[in-house]
Amino acid sequence: MNIKANTRTLKMVAVCAAAFLAQAAHAVTDAEMDDAFFPYKKGLPTYPGLKAGMVINKSNVDQFKDIISPAHFKLIKEGWMEIPVAETFDMPLPKSFIEATKQNADKVKLGTTIEGYVAGRPFPQQPSASDPRAGEKLAWNFKYGLNWGDGAIIYPFYWRYINASTGAIERTIKFEFHFLNFMHRTSNPPIPNITPNPSQLYRGTYVKVMEPLDLKNTQLLIQAYEDDLKRSDAYLYLGFQRRVRRLATGQTTDSFLGSDLMIEDFEGYNGRVSDYKWKFIETKNALMPYYKHNDLKKFHPDFKEPDGYKFVGFTGKGNCTPDITWQLRKVHVVEGRPVDAGHPISKRLIYLDAQIMTPSMSTIYDRKGEIWKSFQIGKAHPDFHLPINKGSGIPLDDSGSVIDVQSNHCTAITFRGEIDPAKNPATIFQVQNLRGGD
């Protein structure tokens, strides 16, 4: 018997087994489910000196630096904005999504990419600093999260380009946005997948410009595939040219229609998980732009709807920041660095809400590693919004702002979102629809 050879073999087996177990799926426990979806079950988060009703501004922001993103700390310190603080509220996700998580989490693991995913949150367990793939798991949780649920429409959707130094509005664009999940659906029939789906699309995004006249009927279609290693297809229809052209990969990181956003910025991050190297930084409490829309005190004076819906107002330097309240919430901080060395940014620092798993607050760094842009998406509770959204359990994107701190410029974003499957037929997420959209 070759004892040394057998010993080496056993060691190799042990190492391989340990590596496998580190990434293997396991049944999610009730305690893990509570941590994932009911983080405030045992009490609301606190921070020394922070109280509902107070306002964080440049005079006191140093005291609260740890609970504010680097970009927003910079903005407050320099007098761009203030943060009114409100009480934290619980925002449970739909029971169907939570149940899908519990039923399917034990099937999910990471190989070259995700494996065994069916529906719900892929990795409901709390991230651990000892797990080298914890950041990647959080990125998958966001990708397969409930941003707009199985499908939604934003209309009207206003983007205003503002010179922050003067407050001058350079341009206002009125959009119609649609989102649709083709696979892993949990709320709206058909469940779990829309068929037929021969291309194996996971998600579609369709955008149409309604105003101004020179951009009217410009359309964008993004088709994201289930296979994360396959690049999304993006098509642009220019109304004045009356033709569809496929966007090159690099164009998703260009300014979209002259705004401060690139296509990759949509929804906080609109790329593939595999496009970035992800690193889990920490879990902590942080201020996030969450609120009840109908309880806000101020609304936008210029945008009005026939049914009386009121849009979020803006304030601060150049009227670049939504006039909303913020609250202390449990977040997972994750860093994403582009794999492509030619990418225009060096990294994103994303604050993922631990309960909702969406990036409502981000800091974007330029290639030199300096703060370039702040990104925020205000989340509204669906039960304090339009009647159609009540009871959906889907947190709503309700206000937003992208501020370029280097050029003193911003894009102020104003939403009217509806969780309405009837307004999101699968046919509008096909290239043929672009040609017929005049």
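Before reading on, note that the structure itself is shown above.
The model shown is predicted, which means the values in this text are computed figures rather than measured ones.

(A) Fine view of the pattern of salt bridges. A full pass over the atoms with the stated rule returns 27 salt bridges. A salt bridge links Arg 348 to Glu 264; its shortest N-O distance comes to 2.9 Å. Of the two residues, Arg 348 is situated in strand β18 (residues 345-353) and Glu 264 in the loop between β10 (243-246) and β11 (276-288); the sequence distance between them amounts to 84 residues. Both residues of the pair, Arg 348 and Glu 264, belong to the buried class. Linking Arg 348 and Asp 265 is a salt bridge whose minimum nitrogen-to-oxygen distance equals 2.8 Å. With Arg 348 in strand β18 and Asp 265 in the loop between β10 and β11, this pair connects stretches of sequence that are 83 residues apart.

(B) Representation of helix α2 (residues 30-37) in the model. Every buried residue of α2 is listed here: Glu 32, Met 33, Ala 36 and Phe 37. Relative to the axis of α2, the buried residues are bounded by an arc of 110° and lie together on one face. For α2, the exposed residues set more than 90 degrees away from the buried face come down to Asp 30 and Ala 31. Residues of α2 that are buried in the fold lie against α4 (95-104).

(C) Quick peek at the state of the cysteines. Counting across every chain of the model gives one disulfide. Covalent S-S linkage joins Cys 320 and Cys 410, the inter-sulfur distance amounting to 2.1 Å. Because the torsion about its S-S bond is -80°, the bridge between Cys 320 and Cys 410 counts as left-handed. A residue pair is termed long-range when its members are at least 10 positions apart, and Cys 320 in the loop between β15 (314-315) and β16 (321-322) and Cys 410 in strand β22 (residues 409-414) qualify at 90 residues.

(D) Main features of the packing of aromatic side chains. This structure, assessed with the given rule, holds 27 aromatic pairs. Measuring from ring centre to ring centre gives 6.1 Å for Phe 177 and Phe 179, while their planes differ by 45°; the resulting arrangement is tilted. Judged by its relative accessible area of 3%, Phe 177 is buried. Judged by relative accessible area, which is 4%, Phe 179 ranks as buried. Relative to Trp 278, the ring of Tyr 269 lies with its centre 5.4 Å away and its plane at 80°, an arrangement referred to as edge-to-face.

(E) Quick look at unusual backbone geometry. The omega torsion of the bond from Ile 191 to Pro 192 falls at 10°, within 30 degrees of zero and hence cis. Here Pro 192 shows up in the loop between β6 (168-181) and β7 (201-211). Pro 196 follows Thr 195 through a cis peptide bond whose omega is -5°. By secondary structure assignment, the location of Pro 196 is in the loop between β6 and β7. Not every positive phi belongs to a glycine, and Gln 200 is a case in point at roughly 55°. Structurally, the position occupied by Gln 200 is in the loop between β6 and β7. Unlike most non-glycine residues, Asn 217 shows phi in positive territory, near 75°. In this fold, Asn 217 is placed in the loop between β7 and β8 (219-225). A residue is classified by how much of its surface remains accessible, and Asn 217, at 8% relative accessible area, is buried.

(F) Up close: the environment of Thr 325. Looking at the secondary structure, you find Thr 325 in the loop between β16 and β17 (327-338). Along the sequence, Thr 325 and Gly 378 sit 53 residues apart, while their C-alpha atoms lie 9.1 Å from each other. With residues near it in sequence (within four places) discarded, Thr 325 still touches Pro 84, Ala 86, Pro 289, Tyr 290, Tyr 291 and Leu 296.

(G) Seen up close, the nonpolar core. Core analysis: the biggest nonpolar cluster contains 84 residues, and Ile 56, Trp 159 and Leu 287 have the highest contact counts within it. With near-sequence residues (within four places) excluded, Leu 287 lies in contact with Leu 50, Ile 56, Ile 67, Ile 68, Ile 83, Val 85, Trp 326, Gln 327, Leu 328 and Met 361. Core analysis: the next-biggest nonpolar cluster, separate from the first, contains 39 residues, Phe 142, Tyr 144, Ile 350 and Leu 434 among them.

(H) How the structure looks around the pairing of strand β21 (residues 396-404). Counting buried residues in β21 gives nine out of nine residues, a clear majority hidden from the surface. Across six bridges, the pairing between β21 and β22 is antiparallel. Note that in β22 the partner of Gly 400 across the bridge is Ile 413.

The rules behind each value
Residues numbered from 1 in each chain as written. Predicted model: local features only at pLDDT ≥ 70, side-chain atom pairs only at ≥ 80, totals over all residues. Heavy atoms only, no water. Salt bridge = Lys/Arg side-chain N within 4 Å of Asp/Glu carboxyl O. Helix = DSSP H or I, 4+ residues; strand = E, 2+ residues; numbered from the N terminus. Buried < 20%, exposed > 50% of the residue type's maximum accessible area, 1.4 Å probe, protein only. Arc of directions from axis to C-beta. Contact = heavy atoms within 4.5 Å. Disulfide = S-S within 2.5 Å. Phe/Tyr/Trp six-rings, centres within 6.5 Å; stacked < 30°, edge-to-face > 60°. Core = buried A, V, L, I, M, F, W, Y, C linked by side-chain atoms within 4.5 Å. Pairing = 2+ DSSP bridges.

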